[in-house]
Every structure is written in C-alpha cells, then in structure tokens.
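Residue-level structural notes
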Amino acid sequence: MKSVYKYIIFSGLSMVVLSIIMFFTSVGLFTARGDYPEIIIKLSVISFVLWLPFLIMGIFLTIVGIVGRLKKNQ
C-alpha cells in the first residue's frame, strides 16, 4: 500500500500553489478596469477572501505530511 503521507504532501503543495494563483488573479481583477461580468467580479472577491485560508491549510498539510513521512522512515 502506498504511503498516505505522500498524498498529504501533494495536497498541501497543490493548495499552496492554488492560493498563490488565487491571490494574483484576484488582485489583478481588483486593479483591472473595464466592464467585466458580475460572476467574474464575485469570483475574484471570493478568491481574495479564501486565498489566505488555503495558504495556511496547504502549509499545515505539507508540514504534517513531511513530519509523518519522516517518522515513518525512522
């Protein structure tokens, strides 16, 4: 059976990358000018609100996965 910690590390790193993408996308839409659809504006607001919790959860999952994998190898 494959290690669960490998999947936890992968999930954590994916969430960190996703939070960075969410941050830059939402900041870009806040500073953009023009006529955007209402759904795009709402998505940018949601992205801006949720990027920090995604970053924190991603870092937490990555640390848990690394610590668990190191303890398993010992």
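Model, not experiment: these values are computed from the prediction. (Residues numbered from 1 in each chain as written. Predicted model: local features only at pLDDT ≥ 70, side-chain atom pairs only at ≥ 80, totals over all residues. Heavy atoms only, no water.)

1. Observations concerning the packing of aromatic side chains
By the definition in use, this model includes 3 aromatic pairs. When the ring of F23 is compared with that of F24, the centres are 5.5 Å apart and the planes differ by 65°; the resulting orientation is edge-to-face. What makes F24 exposed here is its relative accessible area of 58%. With 4.6 Å between their ring centres and 50° between their planes, F23 and W51 make a pair best called tilted. Taken together, the residues span a long stretch of sequence, with F23 in helix α1 (residues 4–31) and W51 in helix α2 (residues 38–73) at a distance of 28 residues. Take F23: its relative accessible area is 26%, and that puts it in the partly exposed class. (Phe/Tyr/Trp six-rings, centres within 6.5 Å; stacked < 30°, edge-to-face > 60°. Buried < 20%, exposed > 50% of the residue type's maximum accessible area, 1.4 Å probe, protein only. Helix = DSSP H or I, 4+ residues; strand = E, 2+ residues; numbered from the N terminus.)

2. Let's talk about the side chain of S47
Within the secondary structure, S47 is located in helix α2. Assessed through its relative accessible area of 18%, S47 is described here as buried. Discounting residues that sit within four places of it in the chain, S47 has contacts with M22 and S26. (Contact = heavy atoms within 4.5 Å.)

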